[in-house]
Amino acid sequence: MKNKLTIIKVGGGILNERKLFEIFLKNYSKIEGSKLLVHGGGIIASNYMIKLGIPVKMIEGRRITDSNTLDVAVMTYAGLINKNIVSILQKFNCNAIGLCGADANLITSKMREIEKIDYGLVGDIVSVNINFINQLLKLKISPIICSLTHNGSGQLLNTNADSIASEISIKLSKYFDVTLKYCFDKPGVLTDKTDDLSLKKVISKNEYKKLKKNNVLLYSGQPYESTPFYPMCYVLSYSNFLRSLLDIENLNFADFCKFLTEKYGTVWNCDENFLYD
C-alpha cells in the first residue's frame, strides 16, 4: 500500500497577502503525512518590475520573459518568496527546504519553441529528479519548489508552476498515493472565465475530452492544456481551501478530502489509466 502524498500549487495572489499567506502556511503545516508545495509569484514579480521601471509584457495572460524579467523572477521566486515560505513553515514546526529547478538538477527543461509567439526565456519540462524528491520526503522534509527550471547549460528558465506541479504529481504517483490541489483566485474550473457560477464541480474522463475538444475548458482564464487526471486532482479557490481547512481543523486528512470534495472547487474524477489512453 502506497503512502499518501499531498502536493499543493499556490498562486501569487495568496502570496501577496501577508495575513492569508501565514494562515495558508499554518494550515499547510498541519496536513498529515508527506507534502510538497509548488509556487509561482507572478503578481509579486510584476509589482517589483513596475518599481524598477521594467515593462511587464503579457500576451493572452502569459508572461513574456526577457533577461530583465528573468532576473526579477529569480530574485522574487527563488529568493524573496521561496525563503519566506520556508522560514514561516519552520516557525510552524514544518521542516522544509526551498528549491528551484537547478538545485540538485531537480527540473530540466528546454526553451519553448517559437510558433506564433516568442515567450522568451521560458522552459518546457524535460525531466524531474524524482529520486532526490523521494530522499527529501523520506527524511520528512517538505520540498518548496518555485517556478524556475534550467536547461543543463547554465540557463535558468521561467516555467509554468501548474505544469511543474502536474509533472511532479504524475511522476511521484508511481511511489505515492498522490492528491494534487491547485489553489488560485477562481472558484474552480470554469467553462466561462467571466462567470464564477459556471463552476464544474466534477469532471469525468469523457466530459473532459468533450470540453477540451470544444476548447471551452478554462483554468485561470486559459484553455487548460495539460491536466493531471491521475493522481486525483482538485482545482480550488485558495480562499475556499483556507476556509475548508479552518472549518474542519480537527478532521483527519481522509475526512478532509471527502469534505472538500463535497463542498469546494472541482474534482477531476477518472481512472488511473486515463493518461495512457
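Report on the accompanying structure. All values derive from a computational prediction rather than experimental measurement.

**Some words on the environment of Ile54**
Then step 1. As for its placement among the helices and strands, Ile54 is situated in the loop between helix H3 (42–52) and strand S3 (58–59).
Then step 2. Take Ile54: its relative accessible area is 16%, and that puts it in the buried class.
Then step 3. Counting along the chain gives 15 residues from Ile54 to Thr69, while the straight-line C-alpha distance between them is 7.5 Å.
Then step 4. What Ile54 contacts, discounting residues up to four positions off in sequence, is Met49, Asn68, Thr69 and Val72.

**Examining the environment of Tyr48**
Then step 1. Structurally, Tyr48 can be placed in helix H3.
Then step 2. You can call Tyr48 partly exposed: its relative accessible area is 34%.
Then step 3. Once the C-alpha coordinates of Tyr48 and Thr76 are considered, the two residues, 28 residues apart in sequence, prove to be 8.4 Å apart.
Then step 4. Beyond its immediate chain neighbours, meaning those up to four positions away, Tyr48 contacts Val72, Thr76 and Leu80.

**With respect to the pattern of salt bridges**
Then step 1. Applying the stated rule across the entire model yields seven salt bridges.
Then step 2. For Asp162, the salt bridge is made with Lys9, and the minimal N-O distance between the two is 3.1 Å. Here Asp162, found in helix H6 (residues 161–172), pairs with Lys9, found in strand S1 (residues 3–10); they are 153 residues apart in sequence, far enough to count as distant.
Then step 3. On the basis of relative accessible area, Asp162 is assigned to the buried category, the value being 11%.
Then step 4. Lys91 serves as the salt-bridge partner of Glu22, at 2.9 Å between the closest nitrogen and oxygen. With Glu22 in helix H2 (residues 18–30) and Lys91 in helix H4 (residues 67–91), this residue pair connects regions lying 69 residues apart in the sequence.
Then step 5. When its relative accessible area of 21% is taken as the criterion, Glu22 is described as partly exposed.
Then step 6. Among the charged side chains, a network of salt bridges with common partners joins Arg18, Glu22 and Lys91.

**With respect to H6**
Then step 1. Taking 1.5 Å of rise per residue, the twelve residues of H6 would be expected to cover 16 Å, and the 16 Å separating its terminal C-alpha atoms lies within 8% of that figure.
Then step 2. Most of H6 is tucked away: nine of the twelve residues are buried.
Then step 3. Among all positions of H6, only Ala161, Asp162, Ile164, Ala165, Ser166, Ile168, Ser169, Ile170 and Leu172 are buried.
Then step 4. Taking the backbone nitrogen of Asp162 as reference, a side-chain oxygen 2.9 Å away marks Asn160 as the first, capping residue of H6.

Calculation rules
- Residues numbered from 1 in each chain as written.
- Predicted model: local features only at pLDDT ≥ 70, side-chain atom pairs only at ≥ 80, totals over all residues.
- Heavy atoms only, no water.
- Helix = DSSP H or I, 4+ residues; strand = E, 2+ residues; numbered from the N terminus.
- Buried < 20%, exposed > 50% of the residue type's maximum accessible area, 1.4 Å probe, protein only.
- Contact = heavy atoms within 4.5 Å.
- Salt bridge = Lys/Arg side-chain N within 4 Å of Asp/Glu carboxyl O.
- Expected span 1.5 Å × (residues − 1).
- Polar contact = N/O pair within 3.5 Å; in protein donor to acceptor, adjacent residues only side chain to side chain.

From the geometry alone we can't say anything about function, so treat these as descriptive.
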